[in-house]
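As a plain string of letters, each chain reads:
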Amino acid sequence: MVRRPAFEEGAAWEIRQQAEGWRAFRSRVVGGSWPDVRLVGYDPLKVDSAPLEGFFIRLAALSVPVSPLNGRAGVDGTSFQLAAFDLFCEWRVSWWEEPPPQWEGFGRIATEMVALFATAEIDCN
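Given the structure is predicted, the values throughout are model-derived calculations rather than measurements.

1. Observations concerning the overall build of the protein chain
Counting its secondary structure elements, the protein chain contains two helices and six strands. Beginning at the N terminus, the succession of helices and strands in the protein chain can be written as β-β-β-β-α-β-β-α. Its C-alpha radius of gyration of 15 Å places the protein chain within 12% of the 14 Å reference for a compact globule of 125 residues. When its C-alpha atoms are laid out on the principal axes, the protein chain stretches across 45 × 35 × 25 Å. Nonlocal contacts in the protein chain, meaning residues at least 24 apart in sequence, comprise 53% of its contacts between residues at least 6 apart. With an accessible surface of roughly 8,000 Å², the protein chain has 53% of that area assigned to carbon and sulfur atoms. Of the side-chain charges in the protein chain, 12 are positive and 17 negative, and the distance between the mean point of each set is 3 Å.

Quick look at the structure:
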């Protein structure tokens, strides 16, 4: 997930399923044009595995229309991107400030993810 506010540094978080469970990692957004942002760093975070698995299960269970057009536009604000992928397929959705009404599920999960990751400490082990 990528969160990029207009006037402050953005962040990207990745959730990975590993042999020992689900792990979260954080990178800083340092540039690039949206949605192709440049990331720096890859810090493991101290986050329990259960909520990370829960995010994945809830995202995988969403059923949404592929036509997100809602007629909104803006300049300043926060951009978001959620993506899921494996070796053979992927999906990626992006929105500005608030997701379209038909993508409300993405928005709820993204808000919960930002709240959890914003307070997580770096795992130095």
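2. Some details on the pattern of salt bridges
Per the counting criterion, the structure on display carries seven salt bridges. K46 is the salt-bridge partner of E121, the closest N and O atoms lying 4.0 Å from each other. One end of the pair, E121, is in the segment after α2 (104-118); the other, K46, is in the loop between β4 (38-44) and α1 (49-61), with 75 residues separating them in the sequence. Accessibility expressed as a relative area gives 53% for E121, which makes it exposed. Across the pair R108 and E104 runs a salt bridge whose closest N-O atoms are separated by 2.8 Å. One end of the pair is R108 and the other is E104, both in helix α2 and four residues apart, which spans about a single turn. Overall, R108 belongs to the partly exposed group, its relative accessible area being 45%. A relative accessible area of 47% places E104 in the partly exposed class.

3. Re the environment of S79
Examined against the element boundaries, S79 turns out to sit in strand β5 (residues 78-85). Considered as a pair, S79 and A6 are 73 residues apart in the sequence and their alpha carbons are 7.9 Å apart. Excluding its chain neighbours within four sequence positions, the residues that come into contact with S79 are V2, R3, R4, W34, W95 and W96.

4. Examining the nonpolar core
Grouped together as the largest cluster of nonpolar side chains are 22 residues, with contacts concentrated most on M1, L82, W95 and F117. The set of elements that each furnish at least two residues to this core consists of β2 (10-18), β3 (21-31), α1, β5, β6 (90-96) and α2. In terms of residues, this core owes the most to one element, α2, which gives six residues. Setting aside chain neighbours within four positions, we find F117 in contact with W13, I15, A24, L45, V47, L52 and F55.

Conventions adopted
For every chain, the first residue of the written sequence is number 1, and numbering continues from 1 along that sequence. Where local features are concerned, this predicted model is filtered to residues with pLDDT of at least 70; where side-chain atom pairs are given and counted, the filter is 80 or more; whole-chain, interface and lining totals use all residues. Only hydrogens and water are removed before side-chain values are computed, so all heavy atoms of the structure are retained for them. Under the DSSP-based scheme used, a helix requires at least four consecutive residues in state H or I and a strand at least two consecutive residues in state E, with every element numbered from the N terminus. Two things to know: the radius of gyration comes from C-alpha atoms, and the globule rule equals 2.2 Å times the number of residues to the power 0.38. Contacts were defined at the residue level, with two residues in contact if any of their heavy atoms lie within 4.5 Å. Each accessible area is a Shrake-Rupley estimate made with a 1.4 Å probe; only the visible protein chains count as cover when residues are assessed. When charges are counted, Lys and Arg are positive and Asp and Glu negative, with His and the chain ends excluded. For charged residues, the charge sits on one atom: NZ in Lys, CZ in Arg, CG in Asp, CD in Glu. Every case where a carboxyl oxygen of Asp or Glu lies within 4 Å of a side-chain nitrogen of Lys or Arg is listed as a salt bridge. Only protein chains enter the accessibility calculation, which uses a 1.4 Å probe; a residue is then buried when its area is under 20% of its type maximum, exposed when over 50%, and partly exposed in between. By nonpolar core is meant a set of buried Ala, Val, Leu, Ile, Met, Phe, Trp, Tyr and Cys residues that side-chain atoms within 4.5 Å join together.

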